[in-house]
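Read off the chains here:
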Amino acid sequence: MLSASPATRATALHGRDTELETLHRLLGGALCGAGGALFLAGAPGTGKSALLDFADALAARLAPEFVVLRTRGVREEERLPYAGLHAMLRPVADRLPSLPPAQAAVLLEALELGTAGSGLALPAAVLNLLLAMGRPVLVCADDVHRLDAPSREALFFAARRLSGGPVVLLAAGEDDGVPGDIPRMPLGELGEEAARQVIDDLAPGLTDDLRASLAQTARGNPLALRELVGSLSPEQLSGVAPPPETPPPGGRLWRAYADRISRLPCDTADLLLLVAADPDLDTATLLRAAGREAGEPAVPGAAGPGRVLTALEAAERAGVVAHLPGDRYGFREPVMRSVVYGEASLARRRTAHLLLASVLDQGHQRLRRAWHQAAALDGPAERLADELVEALDGTAGRQGCFPEPFRAFERAAELTARGDVRAARLAAAARHAWHAGLPQRARSLLARLNSLTVSEEVRGRAELVRGSLDLRSGRTANACNELLAAAEWLLDRDREQAVRALIRASEASYLAGDTHRFLAITRRAAALRHPDDPPATQLMYEYLAGMAATFRGRHQEAAAPLRRVLELAPSVDSPSVLVWACVSSLLLGDDAQALKLSTMAIETARAQGAISIVPQVLEFLIQAELWMGRYTSVTANALEGLRLAQETGRLNSAAQHLGWLALTAAVEGDEETCRIRARSAIELADAHGLGVAGALANWALAHLDVAAGRHASAAGRLRATARADGTGGHLVVRVIATPHFVEAAVRTGDVEQARAALAVLDRWADSTGNPDRLALAVRCHALLADPGEAEERFREALELHHRGSCAFETARTQLLFGGVLRRNRHPGAAREHLHGALETFERHGARLWAEQARGELRASGESLPSARSRTRATGVPEESSAARALTAQQLQIARLVADGATNREVAAQLYLSPRTVEHHLRNVFTRLGIRSRVELARMLSG
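Because the structure is a prediction, the values reported are computed rather than measured.

Novice: I would appreciate a short explanation of the overall build of the protein in the present structure.
Specialist: Each helix and strand in the protein was counted, giving 50 helices and seven strands. Per-residue burial for the protein yields a buried fraction of 57% across its 942 residues. When contacts within the protein are restricted to residue pairs at least 6 apart in sequence, long-range pairs at least 24 apart make up 67% of them. As presented, the protein carries roughly 37900 Å² of accessible surface, and 51% of it is formed by carbon and sulfur atoms.

Okay, structure coming up:
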């Protein structure tokens, strides 16, 4: 068979560490006389051939005497008996004629003459030949689903009988018709980071938006990734044209799927075209459409349904479609839908759309009906476009349904001749593409406006989308300017959208940490307020007013508008509004309400298909969890937020999630992980003007410094967060980080700056009445108090902590209080608090803080056994299950590795170094008592 190039082969093996290890183990077993068989099952393009090539090369490296036999099924020889065995045996007969009694040549001659016999004779002869080689043997059979039946049966006969011999038989193909007793290794999709790595290897320097789009389209298929990258046009590379949504027609992957379709009966192919044209098609509607196509009565009980279901069964047996929940059929592999539709002629497509339009209801299926009419050009183009837009107006909030709103608006624009209306529809399509998490698609739609005459209102809407795109993935300064320009254009035409543009401009200045510009924007918005504004617009004004008062330190004044936001939020069904309500709750100190609202916002966004907003919502859910001390949840949600931000091209949100991840690594005392993530966050912050992300990263590093006793370094880092001019600091982070700054400043003698910072925290904490915030402020006062007053202040802080919900900060107060009590010569009382702190730190996996607590306990006169001593005394680890035996970081790495990710891919996904991943993985293996990735995958899957 033809082998792929080394570069292609290497690319196809990204993310296949577990599979490679399995092949290595099998071939090593053959050298010891303990071979076996394995079926590599996967869809076209998943790397089956590359794995066989790898095994071939590995056999040569392991032992020069390895005999490698290869065959491959081809469509043209499927019905030619023994063709597969003939291809496998001819090289052996040529190279090894001395095999006694020249078994290969004899068997080959029998195959050619058609005298191989039937029954067990042929399979037994093949098995005996493999075992009689006198050398280790590797058999690689590719595309076994296309081998002729006698060859396939002989190979599987041998496969069942190879244990205990020096032979490995590897068969690869689609999971179709392979006996269930043959061990199999399914080849699933590549992980997200593996897919990104493939793209980077093939085309370094692609924009993050384009890279995310290609990874999403390929769905983890290595061949799809290679062909998609290779098909990119200059316009797509520059962002002027939308990224490809399917592998290139005529490519290897497309041809492989087209070949499968071509084998199906004509009736089945016609039904598949209907399913491809409308993925929301339920079975009843499909039956009606098929019956109408055949000229049969489209009523239940007619003869047609039986014929239709029989035709669908052929597609099910071929593994093309599956029956899905909701009584509908869908393609097992998403790319198949594109191939079915793309392979059909224009006439067949039009017929399918007309049939579907004729059976869909004018009421609740109005949008789909209008879509099919527009696709078939069933009437004047302008009328079809208007009907499509009218149908869209009745489906607000239905982003997840077919057709997606951005496609419907784009199709309406294509059918529209009037320049201003066409431009408005393109702008609407761009807005919906942005909400759907498709930033490059949105940018390409906006680029098409450049050739049109655009009104100021449409220009304002387009700038609102463009500014929103930059707000999430570009420079905050550019976003702020674009959004302010959008507000000016929209002011006299759509006040609600103008105010929304101002809110987003204020958010851009918030992300930049530019408090002065933020306040200027809020003043501009306040001047536009009308008493008769609708609830949605009132809510936006109240939010800006509350935020402005907060930033001025007027927290009592801020409380009323912030509470008004919470009152108005239920009347507006929007995830963005729920985000503003969540922020209001956080500022008011109601963390439980913020957690509830952010959870509702995520559910609303997912229900509306606005997946791109989820990373932003998670930022505020994380803040609520942080105040409540739920660090494990913070890590999990920040990882999810980072993943979604990368998938949807929201790099500015990714930077914040990296900051939160750096902070949780600091809590755990994982210095290397904290520094890597903080550095990544700071790099993004510097490139995009993100003061908040940079300040978060510096806070994380300062937390690490305080935990390690590097107080001067911590104080220096936190002073940098105090800037409020958009040059790297951030007011909000400065206030939240005040407890760390006060502790570091007191230890370095900078009492005056500590008092000044505490005064700001005091005003906010007092306004909230929240016990967790008040406890932190009182703890800071205890650190600044005279020795006689400090103990009473610490007791007051602990009473407040016990009314709150953050156990970790309670432990931090216990640690500091215990140190004061020890120095004041109260060792017994000190140990009581220090033991409580140590227990909490160990439960959170906070290594550096636990070491501080142990150091204080030893200084108080207590002798502590080491962790290793405790394990030796009991004979077993404290936790028995895999999940409970690992730290949160170790468990995350273990799961990714068990899913097949390489150390390099895990490092890229979690923003660690490969060396750190390797270190964690060694500890995982030690804790779980295992030695390989295969064992790890089995343990976690069980």
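Novice: Can you walk me through the nonpolar core in this structure?
Specialist: Note on soluble globular proteins: their nonpolar side chains tend to be buried together. In terms of nonpolar packing, the biggest core is built from 155 residues, with Trp 660, Cys 674, Trp 699, Phe 808, Phe 841 and Trp 849 touching the most fellow members. Take this core: its biggest share by element is 12 residues, from helix α35 (residues 691-707). Contacts of Cys 674, omitting those with residues within four sequence positions, involve Ala 662, Ala 665, Ala 666, Ala 700, Leu 701 and Leu 704. In terms of nonpolar packing, the next biggest core, distinct from the first, is built from 51 residues, Ala 195, Trp 254, Leu 264 and Ala 290 among them.

Novice: Can you walk me through the pattern of salt bridges in this structure?
Specialist: Oppositely charged side chains may form a pair once their charged atoms are brought near each other. Under the criterion given, the structure shown has 56 salt bridges. Of the charged contacts in the structure, one is a salt bridge between Glu 542 and Arg 529, with a shortest N-O distance of 2.8 Å. With Glu 542 in helix α27 (residues 535-551) and Arg 529 in the loop between α26 (515-526) and α27, the pair connects residues that are 13 residues apart, well separated along the chain. The exposure class of Glu 542 is buried, given its relative accessible area of 13%. By relative accessible area, which is 34% here, Arg 529 ends up partly exposed. Look at the salt bridges and you will find they share partners, linking Glu 245, Glu 404, Arg 407, Glu 410, Arg 441 and Arg 448 into a network.

Novice: Any chance you could explain the environment of Ala 859 here in plain terms?
Specialist: Counting through the fold element by element, Ala 859 comes out in helix α44 (residues 847-859). Counting along the chain gives 36 residues from Ala 859 to Arg 823, while the straight-line C-alpha distance between them is 9.5 Å.

Novice: Is there a simple way to explain the pairing of strand β3 (residues 137-142) in this structure?
Specialist: Regular strands have side chains that alternate between both faces of the sheet. The buried count for β3 comes to six of six residues, which makes it a mostly enclosed element. Side chains of β3 alternate between two faces, with Val 137, Val 139 and Ala 141 and Leu 138, Cys 140 and Asp 142 buried alike. When β3 meets strand β4 (residues 167-173), the two strands line up parallel, connected through five bridges. When the sheet's bridge partners are listed, Val 139 is paired in β4 with Leu 169. In this region the chain leaves β3, passes through helix α7 (residues 149-159) and returns to the parallel neighbour β4; the handedness of that crossover is right-handed.

Novice: Please explain the pairing of strand β6 (residues 321-324) as it appears in this structure.
Specialist: Where β6 and strand β7 (residues 328-331) come together, four bridges link them in antiparallel fashion. Considered in β7, the bridge of Leu 324 is made with Arg 328. Counted between consecutive antiparallel strands, the loop separating β6 from β7 contains three residues, among which Gly 326 sits at a positive phi close to 90°.

Novice: Help me understand the packing of α35 against helix α38 (residues 738-747) in this model?
Specialist: Describing two packed helices takes the angle between their axes plus the distance from one axis to the other. It is at 10 Å that the axes of α35 and α38 come closest, and there the two elements cross at 45°. Considered as vectors, α35 and α38 are oriented oblique to each other. Both α35 and α38 take part in a crossing whose hand is left-handed. Here Trp 699, His 703 and Val 706 of α35 come into contact with α38, specifically with His 740, Glu 743 and Ala 744.

Novice: Hey, could you run me through the packing of aromatic side chains in this one?
Specialist: Pairs of aromatic rings are described using the distance from one ring centre to the other and the angle between the two planes. This model, assessed by the stated rule, comprises nine aromatic pairs. Ring geometry for Tyr 510 versus Phe 551: centroids 6.0 Å apart, planes at 35°, classification tilted. Note that Tyr 510 is positioned in helix α25 (residues 495-512) and Phe 551 in helix α27, a separation of 41 residues in sequence. Look at Tyr 510 and you get buried, because its relative accessible area is 14%. Residue class for Phe 551 comes out buried when judged on its relative accessible area of 11%. By the ring-pair criterion, three or more aromatic residues cluster together here, those being Tyr 631, Phe 808, Phe 841 and Trp 849. Cation over ring: Arg 161 sits above Phe 157, and NZ or CZ is 3.8 Å from the ring centre. Looking at Arg 459, its charged tip hangs above the ring of Trp 489, at a distance of 6.0 Å from the centre.

Novice: Would you take a moment to explain helix α41 (residues 787-803) for this structure?
Specialist: Taking 1.5 Å of rise per residue, the 17 residues of α41 would be expected to cover 24 Å, and the 25 Å separating its terminal C-alpha atoms lies within 8% of that figure. Among the residues of α41, Ala 790, Glu 791, Phe 794, Ala 797, Leu 798, Leu 800 and His 801 are the ones counted as buried. In this fold, the buried residues of α41 make contact with α40 (771-784), α42 (807-823) and α43 (827-843).

Novice: Even after reading the chapter, I still don't get the sheet that holds strand β5 (residues 184-186), so can you show me in this structure?
Specialist: Backbone-to-backbone hydrogen bonds join strands into a sheet, with any given pair of strands oriented parallel or antiparallel. In spatial order, the strands read β2-β3-β4-β1-β5; together these five strands make up an open sheet with parallel pairing. What marks the edges here is a single partner per strand, and that holds for β2 (67-72) and β5. Averaged over all pairs of adjacent strands, the angle between their axes in this sheet comes to 15°, without regard to strand direction. Across six bridges, strand β1 (residues 36-41) lies against β4 in parallel orientation. Looking at β4, one finds that Leu 38 is bridged to Leu 170.

Novice: Help me understand the packing of helix α32 (residues 631-647) against helix α33 (residues 651-668), please; the structure alone is not making it clear to me.
Specialist: Across the interface, α32 lies against α33 with an axial gap of 9 Å and an inter-helix angle of 155°. Classified by the angle their axes make, α32 and α33 are roughly antiparallel. When the axes of α32 and α33 are compared, the crossing they make is left-handed. For the pair α32 and α33, the contacting residues are Tyr 631, Val 634, Thr 635, Asn 637, Ala 638, Leu 639, Gly 641, Leu 642 and Ala 645 in the first and Ser 653, Ala 654, His 657, Leu 658, Trp 660, Leu 661, Thr 664 and Val 667 in the second.

Novice: So what exactly am I meant to see when it comes to unusual backbone geometry here?
Specialist: Excluding glycine, residues mostly have negative phi values, and the peptide bonds linking residues are mostly trans. Although it is not a glycine, Arg 219 sits at a positive phi angle of roughly 50°. With respect to the helices, strands and loops of the structure, Arg 219 is situated in the loop between α9 (208-218) and α10 (222-230). The phi angle at Asp 327 is positive, at roughly 50°, despite the residue not being glycine. By secondary structure assignment, the location of Asp 327 is in the loop between β6 and β7. What makes Asp 327 partly exposed here is its relative accessible area of 41%.

Novice: Just checking my understanding: could you explain the confidence of the model for the protein for this structure?
Specialist: Note: predicted coordinates in regions of low pLDDT should not be interpreted at a detailed level. On average, the protein scores 86 in pLDDT, and the residues at 70 or more come to 90%. Within the protein, no element has a lower average pLDDT than helix α45 (residues 867-874), which sits at 43, and none a higher one than α40, at 96. Of the regions scoring below 50 in pLDDT, residues 97-101 engages in seven contacts with residues more than four places distant in sequence or in other chains. Long-range and interchain partners of residues 867-880, a stretch whose pLDDT sits below 50, account for eight contacts in this model, where long-range means more than four residues apart.

Novice: Help me out: how do you make sense of the environment of Cys 780 in this one?
Specialist: The residue Cys 780 is located in helix α40 in this model. A relative accessible area of 0% means that Cys 780 is categorised as buried. Separated by 17 residues in sequence, Cys 780 and Ala 797 have C-alpha atoms that sit 9.2 Å apart.

Novice: Which parts of the structure should I look at to understand helix α34 (residues 671-688)?
Specialist: The end-to-end C-alpha separation of α34 is 26 Å, in line with the 26 Å expected for 18 residues at 1.5 Å each. Of the residues making up α34, those classed as buried are Thr 673, Cys 674, Ile 676, Arg 677, Ala 678, Ser 680, Ala 681, Leu 684, Ala 685 and His 688. Directly after α34, the chain includes Gly 689, whose backbone phi takes a positive value near 70°.

Novice: Please clarify how the environment of Gly 861 should be interpreted in this entry.
Specialist: Its place among the elements puts Gly 861 in the loop between α44 and α45. Counting along the chain gives 39 residues from Gly 861 to Arg 822, while the straight-line C-alpha distance between them is 9.6 Å.

Novice: What exactly am I supposed to notice about the side chain of Glu 333 here?
Specialist: Within the element layout of this structure, Glu 333 appears in the loop between β7 and α16 (334-343). Overall, Glu 333 belongs to the buried group, its relative accessible area being 17%. Setting aside its immediate chain neighbours within four residues, Glu 333 contacts Ala 43, Pro 44, Tyr 257 and Arg 260.

Quick notes on the rules
- Residues numbered from 1 in each chain as written.
- Predicted model: local features only at pLDDT ≥ 70, side-chain atom pairs only at ≥ 80, totals over all residues.
- Heavy atoms only, no water.
- Helix = DSSP H or I, 4+ residues; strand = E, 2+ residues; numbered from the N terminus.
- Buried < 20%, exposed > 50% of the residue type's maximum accessible area, 1.4 Å probe, protein only.
- Contact = heavy atoms within 4.5 Å.
- Areas by Shrake-Rupley, 256 points an atom, 1.4 Å probe, with all protein chains shown as cover.
- Core = buried A, V, L, I, M, F, W, Y, C linked by side-chain atoms within 4.5 Å.
- Salt bridge = Lys/Arg side-chain N within 4 Å of Asp/Glu carboxyl O.
- Pairing = 2+ DSSP bridges.
- Right-handed = clockwise from strand over helix to strand, strands pointing away.
- Axes fitted to C-alpha atoms, helices over the stretch in contact; angles between N-to-C directions.
- Parallel < 35°, antiparallel > 145°, perpendicular 65-115°, else oblique.
- Left-handed = near helix turned anticlockwise from the far one by under 90°.
- Phe/Tyr/Trp six-rings, centres within 6.5 Å; stacked < 30°, edge-to-face > 60°.
- Lys NZ or Arg CZ within 6 Å of the ring centre and 35° of its normal.
- Expected span 1.5 Å × (residues − 1).
- pLDDT = per-residue confidence, 0-100.

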